[in-house]
Structures are given as structure tokens and as C-alpha cells.
Amino acid sequence: MARTAVAVLFGGRSSEHSISSATAGGVLRAIDRDRFDVIPIGITRDGAFVLEDDDPDKFALDKDRLPDVVDNGTRILWPDSTLTRELRVVDADGTRSLGDVDVVFPILHGRFGEDGTIQGMLELIGLPYVGAGVLMSAIGMDKHATKSVLKSAGVPVVPWVTVTRTDLARDGDLWRRRIRSLGLPAFVKPARAGSSVGVSKVSDWSELDAALDVAFAEDATVLVEQAITGREVECGVLPGVDGGDPRVSVAGEIVVAGREFYDFEAKYLDAPGIELVCPADLQDGELREMQRIAVQAFEALGGEGLARVDFFFTGTEFFVNEVNTMPGFTPISMFPKCWIASGMTYPELISELIDAAA
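Values in this document were obtained by computation on a predicted structure and should not be read as measured data. Residue positions are given per chain, counted from 1 along the sequence in the order it is written. pLDDT decides what is reported in this predicted model: residues at 70 or higher carry local features, side-chain atom pairs at 80 or more are listed and counted, and totals for whole chains, interfaces and linings draw on all residues regardless. Heavy atoms throughout the structure, all of them, feed into the side-chain values; hydrogens and water do not.

**Student:** Quick question: what am I supposed to make of the sheet that holds strand S5 (residues 86-91) here?
**Tutor:** Strand pairing in a sheet relies on backbone hydrogen bonds, with the paired strands running either antiparallel or parallel. Strand pairing follows a simple DSSP-based rule, namely that at least 2 bridges must link the two strands. The helix and strand labels rest on DSSP assignments: H or I over at least four residues marks a helix, E over at least two residues marks a strand, and numbering proceeds from the N terminus. Pairing in this open sheet of three strands is antiparallel, and the strands run S4-S5-S6 from one edge to the other. Lying at the two open borders of the sheet, with one neighbouring strand each, are strand S4 (75-77) and strand S6 (94-100). Ignoring strand direction, the axes of neighbouring strands in this sheet form an average angle of 25°. Bridge count between S5 and S6: six bridges; the pairing is antiparallel. When the sheet's bridge partners are listed, Val89 is paired in S6 with Arg96. To define axes, lines are fitted to C-alpha atoms, for helices over the stretch in contact only, and angles between the resulting N-to-C directions are given on a 0 to 180 degree scale.

Written as C-alpha cells, this is what we have:
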């Protein structure tokens, strides 16, 4: 049987470029080579599509080196219509064919990749791809849109205020009163960023302006959220098989000890003070309730592809914090860890996602 040709797309223009590249390294290492032919395509920080090396070690993530897609002078030429799936590359020797591509696996985090933009491009040229579609990706990327949709669907979310620099310039006192009504501590986040980039914890209102500046450096729209005292738990969601109900993994828990919150360094650079526990210690009834709300949130946003649903658990209530439509996917990330703890191997998870898109 012919192998499926998979274009693994990674890097990108967002602040999560290195995380995307590291995720791709994990996928390149684990993908079933007996079933899939891989075409690794990197996107530089400037947005150039280049033919990358099929070398997992090149994209390993460690505290001394963040992996990058650099411009090697090659250029990927995507199909020029829906009548062909041929990929070509231009390099020093001219233009050559890379053959037809069956599925694109866009392992992209953040803007210009996880937000519906790449999905729209692939829709236009008729290439199947892994993950959520244009609308679900766009909603899931924007924290304000996500919370608004979830709230309207009856999903419990953390109270928040969304603000722009224009709002603050027009009536700063009004918006600061609205923000202060959330109480302390509070979290300040860019509306469209992930991996805790640009996120600050505010424990005193004197810290608010500096936190807003950090978040505004990432996005023109910023959320200020009420801090919820409780446990941080997460689970993975996949669509149902043959029209069945969505499937939900066991829960994982982020145990924070000695850090203010689960920040970028703790997530990816093995900084101390964080432990990822999977499966989390939840009662059967608590896990069922968490999984029920996870399905409700997943379906409210569109129910496509995959998602990691993040919660705060107070001991009596679950609040959805975020829904990630292309969650961290390195072998040690919570989404794969939860599915591995649920009985699926990392290579099997990769294969299932590709098969569902093909």
C-alpha cells in the first residue's frame, strides 16, 4: 500500500515559533515511517516557506538553545489550483517536484498559524489538513471570542475584562475601575497568544500598567482575568469515531510550587517549581464532570480536529480557562501525556490525527 504523503508545517511568524519547531521535532521522531512519507516545511520568522531537514535532533528544545527555522534559500511552491496537489521547491539547482501531498499537518502555535490563517490558505487550494477549521481556529485563538462563545453556551468561565490601548486612552479611569472590580490577584494576558507569552500575574494594582505593557507588546487587545484559587487541570479532546460522541482523555494537573504561575520557562525549559501529574487525582464523579464540560466547550467552538481544554478546579466547580485547538505537542506536553495515560501511544496519536484529515 502506498504511503500517505504528509507535509509537516512548523515554525511561523508568531512568538511561539520555537515551540512549534520543537513540537515538529517530536513529531518527526515519532511519526510512523512505514505509513507516512514526510515533507518537512518550515516557516521562517519572516514568513518564508522553506524545505527543511527531516532531522528531529535539529529541532530539539533545551534551555541553552531554542530551535529556529532559518532561511536556507529554498522556497516551497504550493499547488496553483485545486486541480493538483503537487508541491514543488525552488533551490539553487532550479525547480523540482516534491510529489503530491495527501495531508498537511500544521503544527503551528499562535497567530498566523493556529488562528485560521493557514487553514484558510489550505482551504483555498483544496489541501486536507489536521486540526480545526478556519472558524474554530480563529475563535480558539482569541481568548475574548472563546470566552464569549463559551459563556453564551452555558460553559462556566472565569470573569474577565477585555481592553485595548484605545479604551484606556479614551477613558482610563473607567476601564481601570472595571479591571479593579475583578479583585486581586489578577492575570493580564494578550488576547491572541499562547504558551504563556506576555502573561503577568498582578498582586498589587501598582503592577497593572507594567503588566498591560507586556501584554500589549504581543497583541492590541488584552484580557484581565480574575484569579481563581484552585487546581489547574487539563484534558485532551478528540472527535468521535464514525459520528460518535467526542472522546476525552484522563485529566492532567499542573502542580505549581515555588513559581507564581505556569509560565513559558516552566512549560518548555524545565524550570523548577512545576510538576505535571497525569493522571490527576480526581474522584470519579469529578473527572466525569470535567470531561462533560470539556465536550461541551469543544462542541461550542466547532468540535473539529483536536483540543486541549484547560480548567481551574475549586474543589466544587470547574471553570474553563482556555481551549487550545493546536496544543503543545512535544512528547512531554500535557495533551500527548493525557492520551498516553489514557492508553494511546504518541505515534498512534499522530497517526490518528493524520488519518482523520486524509
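**Student:** What exactly am I supposed to notice about the pairing of strand S16 (residues 307-313) here?
**Tutor:** Think of it in three bands: with a 1.4 Å probe and only protein chains considered, a residue is buried below 20% of the maximum accessible area for its type, exposed above 50%, and partly exposed in between. Of all seven residues in S16, seven are buried; the element is thus mostly enclosed. Taking every second residue as pointing to the same face, both faces of S16 are buried, with Ala307, Val309, Phe311 and Phe313 on one and Arg308, Asp310 and Phe312 on the other. Where strand S12 (residues 231-238) lies against S16, seven bridges are found, and the strand directions are antiparallel. Within S16, the position partnered with Glu234 by the bridge is Asp310. Examined bridge by bridge, S16 and strand S17 (residues 318-324) share six bridges and lie antiparallel to one another. Looking across to S17, one finds that Arg308 is bridged to Asn324. The hairpin turn running from S16 into S17, its antiparallel successor, is four residues long, and Gly315 in that turn takes a positive phi close to 110°.

**Student:** Help me understand the sheet that holds strand S2 (residues 36-43) in this model?
**Tutor:** Strands sit in the order S3-S2-S1-S7 across an open sheet of four strands; the sheet is mixed. Edge positions in the sheet fall to strand S3 (49-51) and strand S7 (103-107), since each has one partner strand and no second. Put simply, the sheet's adjacent strands are angled 30° from each other on average, direction ignored. Alignment of strand S1 (residues 4-11) against S7, held across five bridges, turns out to be parallel. What sits directly across from Ala7, in S7, is Val104. Note on definitions: a residue-residue contact is assigned when non-hydrogen atoms from the two residues lie within 4.5 Å. Taken strand by strand, helix H10 (residues 346-357) contacts S1, S2 and S7, and its axis lies near 130° from that of S7.

All quantities given are derived from atomic positions and should not be read as evidence of function.
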